Amino acid sequence: MRLQIPYFSFSEPTSEGALSNEPPPPEPMKFARADLLLALGFSLFGLILVLSTYRGFGFSWDEAYYMGPAKQTRAWLGLMLHNWPKPVHAAEINWFFGSNADLGESVNIPELPMLPKLLMAVGLYLGDWLGIHTPYISMRIPIACCYALTLFFLYLLGHRFYGRGGAVLATLCYLTLPRLFGHAHIAATETILICFSMMFTYAFIRGLDHWKWSIISGILFGLCLATKFNALFLPITLVLWAQLFHRHKYSNNIFCLLFISPVVMVLVWPYLWPDPAARFVSYLSFFLQHSFIPTVYFGVKYPYPPQAPTVFVPLSYPFVITALTTPLLTLALAILEIVRIAIKPRRHAGGVLFLIGALFPLLVSALPSSPKYDGERLFVPAFPFLALLAGTGGAELIAMLAQWQRNGRALIHPRHALEALAIAIFGIGIISISQIHPHELTYWNALIGGLRGANEKGMETTYWGESVNEKVYQYLKELPPKSQVQVLALNDQVFYYLQEWKILPRSLKISAEIPGDIVLLQMRQGFFGGAETMLEYLRQNGFGQAIVEKQGVPFVVAFDLRNEPEVRRTLQQFFAPASKKASLREKQP
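Residues numbered from 1 in each chain as written. Predicted model: local features only at pLDDT ≥ 70, side-chain atom pairs only at ≥ 80, totals over all residues. Heavy atoms only, no water.

When you go through the protein chain residue by residue, the secondary structure sums to 22 helices and nine strands. Evaluated residue by residue, the protein chain yields a buried proportion of 56% over its 589 residues. Summarising the internal contacts of the protein chain: among those between residues at least 6 apart in sequence, 77% fall at separations of at least 24. On the protein chain, roughly 25400 Å² of surface is accessible, and the fraction owed to carbon and sulfur atoms is 63%. (Helix = DSSP H or I, 4+ residues; strand = E, 2+ residues; numbered from the N terminus. Buried < 20%, exposed > 50% of the residue type's maximum accessible area, 1.4 Å probe, protein only. Contact = heavy atoms within 4.5 Å. Areas by Shrake-Rupley, 256 points an atom, 1.4 Å probe, with all protein chains shown as cover.)

Put into structure tokens, the structure is as follows:
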């Protein structure tokens, strides 16, 4: 018995004759062997591209947080595979993954779901097997594989609604999104969530016709839940679309989401095992109360709400960031498809799905109560759907051009138009990436004047610390032994790991609190307090050395205070005595 939901639907009108002059939604396109080879080819190309361009992506802010949990997970997996009895009791789970009391307070990071920890632990295993001596590079390998899988399922989704042309264009659009390509280099949750979101979306659509795919969609959504908090919103877009176009066909999917997904989530997430319901509720509560992070948006700094509870980042933030960080051709094609959908939505079932998928994360992020910082990072699930919109917009454009005729002959051959558009998307995208590499996470398009224009208009320069790369490592290596280095607007835990792995000299004394011989400042303006603002003023007046910069915009600046005692004394006024802060080195797992 299928669930009946008595609301409006595009595909099955409630009154006879309604929309009767409209054709039904098209059947899925036939998937040939050539399409499988194309999808695999895009995936392999994306994987190779990421793996071969790691240089320049330093050990980032969140990767330092995730390294401890990845090591703990690896140790737990080793015991699960080789020991008896298995470490599955509450005390052992708490030791490896933390407890409710540890949310937000433990190096085990229990608020980080299991799937990212598991994939990063697998990366550490792979690194040992492949002889990779830099653990943070090892952690990134599974993330690159997730990026490749995303390309594969993007092709499948595009092909299902708009055939080979739409699939090729959509996949190229996503492949050449600079910021998403940048995220594929970082061992964090964003690329993993996108990957499993695309897999879940594809399985949900297939589940409308085949109950086996409904089961697969339930399993995949359970894995999404074990990846990141905002995965909870994924079914809303799909159920809304299914109600519009397939209102009598999605009951199997709903059943599997309600009864299979929670089981899968608990099974793969050991932190939940001692008390699944209570711990999941605590996990949700943690993120619902998660503190905001300050950011700078068009020259205005928006601080922590506890300091200014009525000052929030404008609602336009996710829409403006999306528009300004998407290559212009991709953006134009997506807008074209949105216009066509608005004119005749019933003729564009796939387009409506992609529009809802792109719009919903942006709307959620625009809510006053939603955090807004780190550019696109908190609404990255919108971008694969944006790429699908652009790809289908390109396919529709080619179809329109193919109708232009003279003397009964087409002026533009569809195949030639497809090839030209594909080359344009790929060419413009690759040029955009190459011009900003390895700082793809700071890409801005021509609407704001590129990176330099965004900097002049007061957008936050960088945020994640990946700019602290080999150039910074080399600069620090050349310092005299036992030099004191202060790091500002950075995660000092990054540097302790780099010392542990002998990438940086262990003799360096690194601190976030004690002004030293050298001060390293990341240009994350949202994190600028009194000390950082003073140093930025000095930089604008010629003091300081830009260690990492691009297109004249500095990302990491070094200030040599060894011969500047007055500046050093002034800086010390901004910091509490070092004894009041425990060293993060002592907290390492």
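The five strands lie next to each other as β6-β5-β7-β9-β8, forming an open sheet whose pairing is mixed. The two strands at the open ends of the sheet, each matched to only one other strand, are β6 (509–511) and β8 (545–550). Across the sheet, the axes of successive neighbouring strands diverge by a mean angle of 15°, strand direction being ignored. Bridging between strand β7 (residues 518–522) and strand β9 (residues 553–560) involves five bridges; their strand directions are antiparallel. Across the sheet, residue Leu521 finds its bridge partner in β9, namely Val557. (Pairing = 2+ DSSP bridges. Axes fitted to C-alpha atoms, helices over the stretch in contact; angles between N-to-C directions.)

This part is about the nonpolar core. Side chains that are nonpolar tend, in soluble globular proteins, to be buried together. Phe59, Trp241, Leu476 and Phe495 are the most contacted members of the largest nonpolar core, which totals 166 residues. Not counting the four nearest positions on each side in its chain, Trp241 is found in contact with Phe161, Ile205, Leu208, His246, Ala349, Val352, Leu353 and Ile356. The next biggest cluster of nonpolar side chains, apart from the first, holds 15 residues, and it includes Ala489, Leu521, Ala531 and Leu571. (Core = buried A, V, L, I, M, F, W, Y, C linked by side-chain atoms within 4.5 Å.)

So, about unusual backbone geometry. Between Trp84 and the following residue, Pro85, the backbone shows a cis peptide bond with an omega angle of 0°. By secondary structure assignment, the location of Pro85 is in the loop between α2 (61–82) and α3 (90–97). In the segment running from His437 into Pro438, the intervening peptide bond is cis, with an omega of 0°. Mapped onto the elements of the fold, Pro438 is located in the loop between α17 (414–436) and α18 (450–456). A positive phi angle, close to 65°, is found at Lys482, a residue other than glycine. For Lys482, the location among the structural elements is in the loop between α19 (470–477) and β5 (484–488). A positive phi angle, close to 55°, is found at Ala489, a residue other than glycine. Counting through the fold element by element, Ala489 comes out in the loop between β5 and α20 (492–500).

Quick look at the environment of Ala90 now. Positionally, Ala90 belongs in helix α3. On the basis of relative accessibility, which here comes to 40%, the residue Ala90 falls in the partly exposed class. Along the primary structure Ala90 and Leu272 are separated by 182 residues, whereas in three dimensions their C-alpha atoms are 9.7 Å apart.

The subject of this paragraph is the packing of aromatic side chains. Under the defined criterion, the tally for this structure stands at 35 aromatic pairs. Pairing Trp241 with Phe245 gives two aromatic rings, centres 6.1 Å apart and planes at 35°, and the pair type is tilted. Of this pair, Trp241 and Phe245 are both found in helix α9 (residues 234–245), four residues apart, which corresponds to roughly one turn of the helix. Taken as a pair, Trp241 and Phe245 share a single burial class, namely buried. Three or more aromatic residues link up through ring pairs in this structure, and these residues are Phe229, Trp269, Tyr271, Phe280, Tyr283, Phe286 and Phe287. Over the face of the ring belonging to Tyr125 we find Arg74, whose NZ or CZ atom lies 4.8 Å from the ring centre. (Phe/Tyr/Trp six-rings, centres within 6.5 Å; stacked < 30°, edge-to-face > 60°. Lys NZ or Arg CZ within 6 Å of the ring centre and 35° of its normal.)

Right, let's get into the confidence of the model for the protein chain. Scored by pLDDT, the protein chain has a mean of 89; 90% of the residues are at 70 or more. Of the regions scoring below 50 in pLDDT, residues 578–589 engages in 16 contacts with residues more than four places distant in sequence or in other chains. (pLDDT = per-residue confidence, 0-100.)

All right, on to helix α4 (residues 114–130) then. When the terminal C-alpha atoms of α4 are compared, their 24 Å separation across 17 residues agrees well with the 24 Å that a helix rising 1.5 Å per residue should span. Taken as a whole, α4 has its buried residues at Met114, Leu115, Pro116, Lys117, Leu119, Met120, Ala121, Gly123, Leu124 and Gly127. Where α4 is buried, its residues touch α2, α3, α5 (135–175), α7 (189–207) and α8 (211–225). (Expected span 1.5 Å × (residues − 1).)

What follows is about the pattern of salt bridges. For the coordinates displayed, the defined rule picks out 17 salt bridges. Between Arg160 and Asp209 there is a salt bridge whose closest N-O contact spans 3.8 Å. Highlighted residues: Arg160 in helix α5 and Asp209 in the loop between α7 and α8, separated in sequence by 49 residues. For Arg160, a relative accessible area of 15% gives the class buried. By relative accessible area, Asp209 is classed as partly exposed at 43%. Across the pair Arg524 and Asp374 runs a salt bridge whose closest N-O atoms are separated by 2.8 Å. (Salt bridge = Lys/Arg side-chain N within 4 Å of Asp/Glu carboxyl O.)

This part is about the pairing of β8. The sheet contact formed by β8 and β9 spans five bridges and is antiparallel. Bridge pairing links Gln545 to Ala558 in β9.

What follows deals with the packing of α7 against α8. Relative orientation of the contacting elements α7 and α8 amounts to 160°, with a least axis distance of 8 Å. Viewed along their axes, α7 and α8 adopt a mutual orientation that is roughly antiparallel. Taken as a pair, α7 and α8 cross one another with a handedness that is left-handed. Of the residues in α8, those touching α7 at Leu193, Phe196, Ser197, Met199, Phe200, Tyr202, Ala203, Phe204, Arg206 and Gly207 are Trp213, Ser214, Ile216, Ser217, Leu220, Phe221, Leu223 and Cys224. Classifying every residue of the contact of α7 with α8 by side-chain character gives 13 nonpolar, four polar and one charged. (Parallel < 35°, antiparallel > 145°, perpendicular 65-115°, else oblique. Left-handed = near helix turned anticlockwise from the far one by under 90°. Nonpolar A, V, L, I, M, F, W, Y, C, P; charged D, E, K, R; others polar.)

Look at α2 against α3: their axes get within 9 Å of each other, and the N-to-C directions meet at 145°. For the pair α2 and α3, contact is made by Gln72, Thr73, Ala75, Trp76 and Leu79 and by Ile93, Trp95, Phe96 and Phe97, respectively. For the contact of α2 with α3, a count of residues per class yields seven nonpolar, two polar and no charged.

A few words now on a nonpolar patch on the surface. Residues Phe31, Leu36, Leu37 and Leu40 make up a contiguous nonpolar surface patch of roughly 360 Å² in combined accessible area. Checked against the element boundaries, Leu40 lands in helix α1 (residues 33–51). (Patch = residues over 30% accessible without salt bridge, like charges linked within 9 Å, V, L, I, M, F, W, Y side chains within 5 Å.)

By the criterion of burial, β9 is predominantly enclosed, with seven of the eight residues buried. In textbook terms, the turn of a hairpin is the stretch between consecutive antiparallel strands, and for β8 and β9 this stretch comprises two residues, one of which, Gln551, has a positive phi near 55°.

Let's shift gears to α17. Counted at 1.5 Å a residue, the expected span for α17 with its 23 residues is 33 Å, and the 33 Å between its end C-alpha atoms agrees. Buried within α17 we find Ala417, Leu421, Ala422, Ile425, Gly429, Ser432, Ile433 and Ile436. On the buried face of α17, the contacting elements are α5, α6 (178–183), α14 (328–343), α16 (382–402), α18 and β8.

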